[in-house]
Structure formats: structure tokens, C-alpha cells
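Residue-level structural notes
The chain contents come next:
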Amino acid sequence: SQKIEQNSEALNIQEGKTATLTCNYTNYSPAYLQWYRQDPGRGPVFLLLIRENEKEKRKERLKVTFDTTLKQSLFHITASQPADSATYLCALAPSYSGAGSYQLTFGKGTKLSVIP
Amino acid sequence: GAGVSQSPSNKVTEKGKDVELRCDPISGHTALYWYRQSLGQGLEFLIYFQGNSAPDKSGLPSDRFSAERTGGSVSTLTIQRTQQEDSAVYLCASSSGHPNYGYTFGSGTRLTVV
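None of the values given here were measured: they were computed from a predicted structure. (Residues numbered from 1 in each chain as written. Chains lettered and ligands numbered in written order. Predicted model: local features only at pLDDT ≥ 70, side-chain atom pairs only at ≥ 80, totals over all residues. Heavy atoms only, no water.)

Moving on, we come to the overall build of chain B. Along its length, chain B carries zero helices and ten strands. When the helices and strands of chain B are placed in sequence order, the string is β-β-β-β-β-β-β-β-β-β. For 114 residues, the compact-globule estimate of 2.2 N^0.38 gives 13 Å, and chain B sits close to it at 13 Å. If you line up chain B on its principal axes, its C-alpha atoms span 40 × 25 × 25 Å. For chain B, with 114 residues in total, the buried portion stands at 49%. Summed over all atoms, the accessible surface of chain B reaches about 5300 Å², with 43% contributed by carbon and sulfur. Charge separation in chain B, taken as the distance between the mean sites of 10 positive and 10 negative side-chain charges, equals 3 Å. (Helix = DSSP H or I, 4+ residues; strand = E, 2+ residues; numbered from the N terminus. Rg over C-alpha atoms; globule rule 2.2 N^0.38 Å. Buried < 20%, exposed > 50% of the residue type's maximum accessible area, 1.4 Å probe, protein only. Areas by Shrake-Rupley, 256 points an atom, 1.4 Å probe, with all protein chains shown as cover. Lys, Arg positive; Asp, Glu negative; His and termini not counted. Charge placed at Lys NZ, Arg CZ, Asp CG, Glu CD.)

Printed below as a string of C-alpha cells:
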């Protein structure tokens, strides 16, 4: 069955450093990989998308890589700030059929704490 | 509306009672999804609706769970004869359909079955 693993349940990092979160998957060939941020008591918020034919995507201080050979995505936050503290979820989607919807399979998330 | 709205935000119910959870998606979003999130667990897919197509109910854990979407907009998730293992946060999301655009989630309904 499909399995998505995010490297650790919790990650502590010093302010200003680069945080690196890992998402590994098995028994799956996603065409799209998305990253979400979730704060306590809130629903996840979409951050970034990367497609299977893309190696890297950047958005401000965020960078995502996607290696379909290793079946792994890395999510980097550079110059991390205490406000970046949250749980980060990776989510995978299969090829888009054009039907107007797609189903995401989520990892359990990694709780990031940025220490001042 | 500006975002996905869910109600109630919290619900405490007695075991065996029925509950209804409501989701009001973003206007114009054709796809609507229900997930649930238990403590320490990832998001578990329940059901999704796309336009007028038959919903994908493949994630519903038992026949006590059902959902409908009226007029292509508001959706209601119903849990009959609630059990303690139903306690979780129920999250609704909507999307414009293509994976280029992520899901927009509501803040969820925290259901506690006592």
C-alpha cells in the first residue's frame, strides 16, 4: 500500500539556520507533490507545488526539491524565524485526469520549532 | 465566501448520538473534500465531491458515515451512532480542481464523543 514518511515528528532549529524537512514515499508514483503548513487549531495552508518533471521550486525563503528516483522531496526554509514554527505536511497526488478534482494523500507531518 | 467555513468549530456528543458537520466551500470551487485528523495521525481521506459527478466515498470508514453536497455548494458530513473512536478533527477543503492549485482548508470541527 502507499506509504508516506516525513523524517521526524519534531525538529528543533536555531533561528537564522536552514530547516530541512524530508518526505519519503513508497508504492506510489506521484505526478504532483505539495507542501502545506498547519498551525495549532487551524487547517493546513497550501505553500508550494512541485511536479514530477521538476527538480526544484523556490518561493521566497522556501525551496522544495523532488527526486522521483529516490522517491523523496526535501523542503527547506532558509533564514528560519520563530514565526516559521508550525507543522509541515507533504501531500502527493497522482496524474491529473482532467476530471476537475484530484485526491491528495498526506504525510503525518513534521513539527518544526524555531528557537530564538 | 473568502474562505472555507466549517461549523460547528467544536462538538461534544454522547456515544450513540448522530452528528452533522457542515462545510461551506469557496464560491466557484467545484471540488470539495472531507478529511479527518486524529491526534498524532495524518490526514485521513474520507470522501470527495466533484461537480455533479457521483462522490468518491472510498475513504468512509463505515456505513455510519455519509455525506451530501447540495446544489454543488454546501456539504454536510453525518455520523450516525457515534463511537468514541470517531473523536477527531474533521477538516473540509475545496479546490478549483487542478493540482496546480492546492486545497483550501477550513479550520475544522473538533468532535469529541463521550
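Moving on, there is more to tell.
Once that is clear, we can look at the nonpolar core. Residues Trp35(A), Phe75(A), Tyr88(A) and Leu92(A) are the most contacted members of the largest nonpolar core, which totals 23 residues. Residue assignment for this core shows that the elements contributing at least two residues are strand 3 (19–26), strand 4 (32–38), strand 5 (45–51), strand 7 (62–67), strand 8 (72–77), strand 9 (86–93) and strand 11 (110–115) of chain A. Those residues in contact with Phe75(A) that sit more than four places away from it in its chain are Ala19(A), Thr20(A), Leu21(A), Trp35(A), Leu47(A), Leu62(A), Lys63(A), Val64(A) and Tyr88(A). Judged by nonpolar contacts, the second largest core, of 21 residues, contains Ala91(A), Tyr33(B), Val89(B) and Tyr103(B). (Core = buried A, V, L, I, M, F, W, Y, C linked by side-chain atoms within 4.5 Å. Contact = heavy atoms within 4.5 Å.)

Taken as a whole, the largest pocket holds about 1100 Å³ of empty space. Residue lining of the largest pocket: 39 residues in total, with Lys108(A), Gln37(B), Ser38(B), Gly40(B) and Gln41(B) positioned closest to the centre. Where the lining of the largest pocket is concerned, the elements lending two or more residues are strand 1 (3–6), strand 9, strand 10 (105–106) and strand 11 of chain A together with strand 8 (88–95) and strand 10 (109–113) of chain B. Class assignment for the residues of the lining of the largest pocket results in ten nonpolar, 21 polar and eight charged. (1 Å grid on protein atoms, 1.4 Å probe; cavity = no way out; pocket = protein on both sides within 12 Å on 5 of 7 lines; lining within 4 Å. Points joined across faces, edges and corners; volume = space filled by probe spheres on them. Nonpolar A, V, L, I, M, F, W, Y, C, P; charged D, E, K, R; others polar.)

A few words now on the sheet that holds strand 7 (residues 75–79) of chain B. Residues and elements named next belong to chain B. Strand order across the open sheet formed by four strands is 1-3-7-6, with antiparallel pairing between neighbours. Of all the strands in the sheet, just strand 1 (5–7) and strand 6 (65–69) have a single pairing partner and so form its edges. Across this sheet, the average inter-strand angle for adjacent strands is 15°, counted without regard to direction. In the sheet, strand 1 pairs with strand 3 (residues 19–24) via three bridges, with the strands oriented antiparallel. Paired with Ser7 across the two strands is Arg22, which belongs to strand 3. (Pairing = 2+ DSSP bridges. Axes fitted to C-alpha atoms, helices over the stretch in contact; angles between N-to-C directions.)

As a further point, take the pattern of salt bridges. Residues and elements named next belong to chain A. By the definition in use, this model includes eight salt bridges over all chains. Linking Glu56 and Arg58 is a salt bridge whose minimum nitrogen-to-oxygen distance equals 2.9 Å. Members of the salt-bridge network, linked through shared partners, are Arg51, Glu54 and Lys57. (Salt bridge = Lys/Arg side-chain N within 4 Å of Asp/Glu carboxyl O.)

This next bit is on the interface of chain B and chain A. Taken together, the contact between chain B and chain A spans 26 residues of the former and 22 residues of the latter. Between chain B and chain A, a total of about 1900 Å² is buried, with carbon and sulfur atoms accounting for 53% of that surface. Counting across the chain B and chain A interface gives zero salt bridges. Linking chain B with chain A are nine residue pairs in polar contact (both at pLDDT 80 or more), by the criterion used here. For the side of chain B that touches chain A, the secondary structure elements donating two or more residues are strand 4 (31–37), strand 5 (43–50) and strand 8 of chain B. When grouped by side-chain class, the residues that make up the side of chain B that touches chain A number eleven nonpolar, 14 polar and one charged. (Buried area = accessible area lost by both parts, 1.4 Å probe. Polar contact = N/O pair within 3.5 Å; in protein donor to acceptor, adjacent residues only side chain to side chain.)

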